[in-house]
Amino acid sequence: MSELKLGDKAPNFDAETSEGKINFYDYLGDSWGILFSHPADYTPVCTTELGTVAKYKDKFEARNTKVMALSVDGVESHKGWIEDINETQNTTVNFPIIADEDKKVSNLYGMIHPKADNTLTVRSVYVIGPDKTIKLMITYPASTGRNFDELLRVIDSLQLTAYQKVATPANWKQGEDVVISPSVSNEDAKEMFPKGFKEVKPYLRMTPQPDSK
């Protein structure tokens, strides 16, 4: 099984999808990306998940983020299932679903966990930066649907902290106060954070969220 870790280069691949043959890196371009697997087509939890992702496309686009799904079912199965998703979830699936029948991509990304299931993928999520490195990994069991609001929150944090010397505290949401990185001195913080900051402890300094670059 793949041993990918945070900061590793996300493996590139060519794959057949519901929208034709796609090269992963070409698809992402300069965008952020989410690659997520689901156990199988025509399953209830997955149907709600992919419908939710389709409804969230504008939210992902606002964050310069593209999505791509995967299962070990084939293209024709995907296309038939997409009709069900559109009907039952009142949406239009607007992103590619990889047909990984040979499990090539699943094995590249460690999406099959034998102690959970020998053949089907678990609910893996990879967030990938424009530099094609892995910024986040989350794995859910097949029985638990994902929270895509949480993924949006994480992307907001990743994008903010990639360009500012801050971190986001527990339960942080866009627009709330953030933590100044310990590597920044108080003197430098006065210049870097013109909105000011509050020193709760020498190692815990809060400041209003900086403006985006």
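Attention in this report is confined to the structure presented alongside it. The model shown is predicted, which means the values in this text are computed figures rather than measured ones.

## A short note on the side chain of D100
At step 1: Within the secondary structure layout, D100 lies in the loop between β5 (97-99) and α5 (104-108).
At step 2: Buried and unpaired, D100 has K103 as its nearest opposite-charge partner, separated by 7.6 Å.
At step 3: A distance of 3.0 Å separates the side chain of D100 from the backbone nitrogen of V105, its partner in a polar contact.
At step 4: Beyond its immediate stretch of four places on either side in the chain, D100 contacts L70, S71, V72, D73, V105 and S106.

## Observations concerning the pairing of strand β10 (residues 198-201)
At step 1: The pairing of β10 with strand β11 (residues 204-207) spans three bridges and is antiparallel. Paired with E199 across the two strands is R205, which belongs to β11.
At step 2: What sits between β10 and β11 in their antiparallel hairpin is a turn of two residues.

## Things to note about the nonpolar core
At step 1: F13, L35, F36, F95 and Y109 are the most contacted members of the largest nonpolar core, which has 45 residues in total.
At step 2: Counting residues per element, this core draws most heavily on helix α6 (residues 148-163), which supplies six residues.
At step 3: Judged by nonpolar contacts, the second largest core, of eight residues, contains L160, V166, W172 and A189.

## Notes on the environment of T47
At step 1: Inspection of the secondary structure puts T47 in helix α2 (residues 44-55).
At step 2: Residue T47 is classed as buried on the basis of its relative accessible area, which comes to 11%.
At step 3: For the pair formed by T47 and V72, sequence separation is 25 residues and the distance between their alpha carbons is 15 Å.
At step 4: Once residues within four sequence positions are removed from consideration, T47 is found in contact with W81, I85, T88 and Q89.

Cut-offs and rules
- Residues numbered from 1 in each chain as written.
- Predicted model: local features only at pLDDT ≥ 70, side-chain atom pairs only at ≥ 80, totals over all residues.
- Heavy atoms only, no water.
- Helix = DSSP H or I, 4+ residues; strand = E, 2+ residues; numbered from the N terminus.
- Buried < 20%, exposed > 50% of the residue type's maximum accessible area, 1.4 Å probe, protein only.
- Lys, Arg positive; Asp, Glu negative; His and termini not counted.
- Salt bridge = Lys/Arg side-chain N within 4 Å of Asp/Glu carboxyl O.
- Polar contact = N/O pair within 3.5 Å; in protein donor to acceptor, adjacent residues only side chain to side chain.
- Contact = heavy atoms within 4.5 Å.
- Pairing = 2+ DSSP bridges.
- Core = buried A, V, L, I, M, F, W, Y, C linked by side-chain atoms within 4.5 Å.

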